[in-house]
Structure formats: C-alpha cells, structure tokens
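Chain and residue survey
Single-letter residue listing:
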Amino acid sequence: MGITERLSGNRQFIEYLVVLGLLLIFFILSLGPIVEGDIFWHIKTGEWIWQHKAIPAEDPFSYTSQVVDPMRPGSQRYAIIMKGYWLSQLIFYGIWSFFGIAGIILLRAFISTAILTVIFFWIRRKKVGVELSVLFMVLIGFQTIGLSDRPQYLSTLFFVIAAMLIESIWEKSIGPADRAARWIMPTVMLSLLMLFWANMHGGFVMGVALILIYLGLGLRGQLRHGWNTKAATRYFIALSFPTLVTLLNPNTYILYTGLWHELRYGVQAVIVAEMKSPLSVAIIYGDYKPFFWLTVLITTIIFLLRIRHILEPGLVALFFFLSFALLVQRNIPFFLGLSPIIASEMDIIIRDRLRKTVRTVTAFFVLIFLIFFFLSKGTDDIPDLNIARGYFPESAAHFLKETRPFGNIFSTSEWGSYLILALPEYKVFSDGRRLMDDVELAEKDMLLASGKLINGLPQWRALLDAYRIETILIPSVSPLMGDYFPLVEALFYDKDFSLVYQDQFSLIYLRNRGVNSELAGRHSLPKGISLVQAINRLHGLKSHLHRKRNLRIIAHLYSLLGKPDATAQYLRLANE
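Residues numbered from 1 in each chain as written. Predicted model: local features only at pLDDT ≥ 70, side-chain atom pairs only at ≥ 80, totals over all residues. Heavy atoms only, no water.

**Some thoughts on the side chain of S30**
- Here S30 lies in helix 1 (residues 3-30).
- Engagement of the side chain of S30 in a polar contact is seen with the backbone oxygen of F26, the distance being 2.8 Å.
- In this structure S30 touches R108, A109, S112, T144 and I145, once residues within four positions along its chain are discounted. (Helix = DSSP H or I, 4+ residues; strand = E, 2+ residues; numbered from the N terminus. Polar contact = N/O pair within 3.5 Å; in protein donor to acceptor, adjacent residues only side chain to side chain. Contact = heavy atoms within 4.5 Å.)

**Quick notes on the nonpolar core**
- Counting residues in each nonpolar core, the largest one holds 167 residues, and the members touching the most others are L190, F321, F335, L338 and I472.
- Setting aside anything within four residues of it in sequence, one finds F335 in contact with F292, T295, V296, T299, L318, F321, L322, A325 and I342. (Core = buried A, V, L, I, M, F, W, Y, C linked by side-chain atoms within 4.5 Å. Buried < 20%, exposed > 50% of the residue type's maximum accessible area, 1.4 Å probe, protein only.)

**Re the pairing of strand 6 (residues 507-511)**
- Burial within strand 6 is extensive, with five of its five residues counted as buried.
- Neither face of strand 6 is open: one carries L507, Y509 and R511, the other I508 and L510, and all of them are buried.
- Sheet topology note: the strand 4 (residues 469-474)/strand 6 ladder contains four bridges and is antiparallel. Each bridged residue has a counterpart across the sheet, and for T471 the counterpart in strand 6 is L510.
- Pairing analysis gives five bridges linking strand 5 (residues 497-502) to strand 6, with the strands arranged antiparallel. Looking at strand 6, one finds that Q502 is bridged to L507. (Pairing = 2+ DSSP bridges.)

**Describing the packing of aromatic side chains**
- Applying the stated rule across the entire model yields 28 aromatic pairs.
- Centroid distance F492 to Y493: 5.2 Å. Interplanar angle 80°. Geometry classified as edge-to-face.
- Judged by relative accessible area, Y493 falls into the exposed class, the value being 54%.
- Each residue in the set F159, F320, F321, F324 and F334 is aromatic and connected to the rest through ring pairs, giving one cluster.
- Looking at K53, its charged tip hangs above the ring of W50, at a distance of 4.7 Å from the centre. (Phe/Tyr/Trp six-rings, centres within 6.5 Å; stacked < 30°, edge-to-face > 60°. Lys NZ or Arg CZ within 6 Å of the ring centre and 35° of its normal.)

**A few points about the pattern of salt bridges**
- As enumerated under the stated definition, the model contains 22 salt bridges in all.
- We note a salt bridge from D287 to K289, for which the minimum N-O separation is 2.7 Å.
- The partner of D431 in a salt bridge is R433, and the shortest N-O contact between them spans 2.7 Å. R433 matches D431 in its accessibility class, with the two residues each being buried.
- Put simply, R461, D465, E470, D494, D496, R511 and R513 are held in one network by salt bridges that share partners. (Salt bridge = Lys/Arg side-chain N within 4 Å of Asp/Glu carboxyl O.)

Structure follows, in structure tokens:
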C-alpha cells in the first residue's frame, strides 16, 4: 500500500471516528428526564393490549369518553386514537416492564441517534463530501435532542428511512434494463417498513405523501423523455404496493378521512400548541427554534438557485414538507428528515469553489457544539433517567392511593396521562389522547375558571357538578407551559371544596360534603397555601417572555392574601 492510500485510509478513519464521537455526544444529550405525559397512556394501553390479547374498542381509562363525540358526531378521532398505535404501545410496554422508565429514556436516545446516523449515511450515499455531511448531521442533531417520548419519534425515523428507499427506487426503477432487478429489494424493504409504520403511528400518511410525489413526478419524467412501458410499470408497482399495504391496519382507510376532518373541524388544531405554526409558537411561547429557521433559510436559497430544476422529485418533496412545517410545527421533523436532499443540492451549488469555506464552517459548528456539550455537562453530571421532578404529581398520586377518596377526579390532560399509569384505581377526566372535543373545552373552561353563568352558577363550577367531580388534582402553574390556572383562585373562595394536600408542585381539593366530608375535614389545610404556591411557581419561571403578565398575577395573588405592600411592589415592577 502506497503513502497516498495510507493517508487516505487514515483520513477516512479519523473522519468516521469524529462522526462516531458526535453521535455519542448526541446520544448523551438526548438522555434526560421525561417531561411530557403521553408516554404513560401509551405504556398503559400496551399493557391492556398484552393482557387482553386485543386492541381496545372502547376507552378503558376515562370516564368522559364516548364512542361518538357529542360535539362532532362525524369525528373519527376516537377510533384512530384507540387503534392507531397498538404495535408501538406493545413495544413501549415491553421496554417499560423490563427496564422501567430508564428503558423508555434510553429508547428515545437510541431513536434520536439512529435518525442522525441514517441522515449521515444517506448524505454520504449521495456522494456529498464528509464536511457537508457532518455539518448537516450537527445542524439536524440540535433539533432532534428534544424528541418527545411517544410514537411520533418512530415516525421521524421511519420517514427518513422511507425517503432513502423511495429515492433508491426512483433511481433504479426508471433506468437501463440491466438495473431493473435492483428495485426489488428496496421495494420489499419499503413495503415492510410501511406495514409496520401503519400500525405504529399515523405519521405514515407523510410517507404515503412522499411516495405519491415521487410516483407522480417519476411517471411525468417518463412521459417527457419517451415512454418506456416496462420501466414505468415496475416503477408504478414499486411505489404503489408499499402504499397499499398501509391499509393493513385496524383503522384501514379511516385515518386518511379522519385526518382531514381533524384538521378542518377539530378543537385540537385550534388550542393545542403543537398544531400551531412555528412562527406563532415563537411569538406566543418564546420558542424560536433558531436551527429550524437556519435550515429553512438554506432551503429557500437552494430553491432560488435551483429554480430551473424545481420540478425534480426531491425539490418538490422539500417544498411540500417545508410548507407543511411552516403551517404546523408538528410537521417539522418530516421536513428535517429530507435534509440529505438539501445537503445534496447544496453540494451541487458550491462544488469545488466553496469547499474550503464549508470545511471552515463545519469545523466552527463542531467546535461550538463541543464547547456547548462540555460546558453543559459537569464532571459529576449523570443523565437523569427518570421522570422530571415537578412535572408530574408523583407524591400527590401516592396520597390519593393511600386515602382513596370517593368519586371522579379532575386534573389537567397532561397529569391525566400520568394518572392512567400511576393511579389505575381511578378513571381520568382527560388525558393526552384528547378523545372528546367537549371535554377538551370543558377542561379549558374549568382551569381558566370561566365565569359565564349556567343555571346561576359560574361555568367552571357548573361543569364540576355536571361531571360529578369530587376530587381536583391540579398544579397552580402548568409545569410544562408555565401558565397560571385561575381555578386555584376560584377554589380559594369556594366553600364546598377543601384543600387537603399540597406540595411544591401539586394541589388536591375534596368536596367537604357527602362521602368525602370526613376525609376532607381530617386533611383540611388553609387555602392560602395554594396562592403562596402559585406565587412561588411564578417566581421560579425562567422565561422573561411573559414577565410583566406574571408580575401582575403575583400582585393580584398578594392582594387576595391581604398583603397591600407586596401588591403595590409587584404592580410597580410590572409597570416599569
């Protein structure tokens, strides 16, 4: 072996060593406590499926759900949610039953790292230089660190793999006759992927959309460059069969029709932050997603510079999924999954002229990333493989398990998801599945203490009575979004509910009449404690986005506690 070969081999070894090191760092950064509640109802549903050897036809966990949504009889959300995740739920339950919550967190880190690995090797497969490949791996990596613990991250991984297979079919199916047999293996792999995906998460429709883009534009290319019947037929079969196998799921075609109904008429599309545009989320919540917007900027420049080739399947797919990502932030991972196409197009544009610049930018990005990593990790910093402290009512659930109050429990949907797993003795009011629109709106009206009168009662109180709620378990301030819940203030004045439990994060109220009256009397606490908790929680918020609003709330709470000096002080701060 000559000196040139040895140097080339050593350089390649170093390059892949750097990539492995970066992947390891991203794996570590992806570890961390669970902060969103959806994983809990997925685990519990997986347990139910395993025990009953069936997919639930009716909701076993909530006392408010109905097969037909009373507000929206045409909704198919109930069937979609009940049956649409069964395979991923079995996987979650299996991992949880053997390894506990730590296993779920390790799975998240593994999926996040697998996404980056596939993206890197797909970019390299497109003959893009290692510098640009690393640059995009780091750029996308910053955006996959915060993946939520739910089946959606499986969709992100499957989408990237599906996109790579679809592109492979596009390259091999329409081409010389000696390449014809090469399309069979990626077709089989794509079909199996789509079959599993359709039974794990509804995001498979994004894979179908990508298939249809490549199918339509591939056949269009055949028409423009001379129709080859054999090539067009095998191409049609190669992309049609993986689409058809997605119908082999418990919901068959319902997801396609139900998805449109949800986007057009569903309450979730209006009030759930995940369904809003990234621009509105930045304005409302201060979540600016700088790396996403950087990716958008790069993609926009590519569109402008490659305008003559805009009808190529890859660029059309980029435009389609970028548009969806700008409309609904939940679609951002699918757009990012096409980053190898962005990298390939960028490689065509820069060619040899800017390779030194790319190398410099990559080195800078990697250096900043390493500095960020080592500064954010102390020498004694061990990744927390548990549930995030303060995000879920662990101690409060233990209190309810011990005292066993009678009747229905009201809680937030996020905590309802946790209670499905932690407190199976009770059915929940609402949870992350958001099965019923009327329940979704009722939860909002109660948490915001809606004062609209219904039969002489404030709406929040009328709803508590209508749903026969005897126990209320809430935080004074949302641990996830940082929103203050005025229900705490309303209960401060309500004589029918007693505060019976409080810790740093949770509050429990019981009706002090009827079956629970003795229990309420025995554990009764001064209600002012709930307002003090709200003040402390608002003080602890790090975000300055709603600082003046929070200061006014604190001033108001101090006025309720009869502390005029503190009230004046915080009003003055709010007005500065």
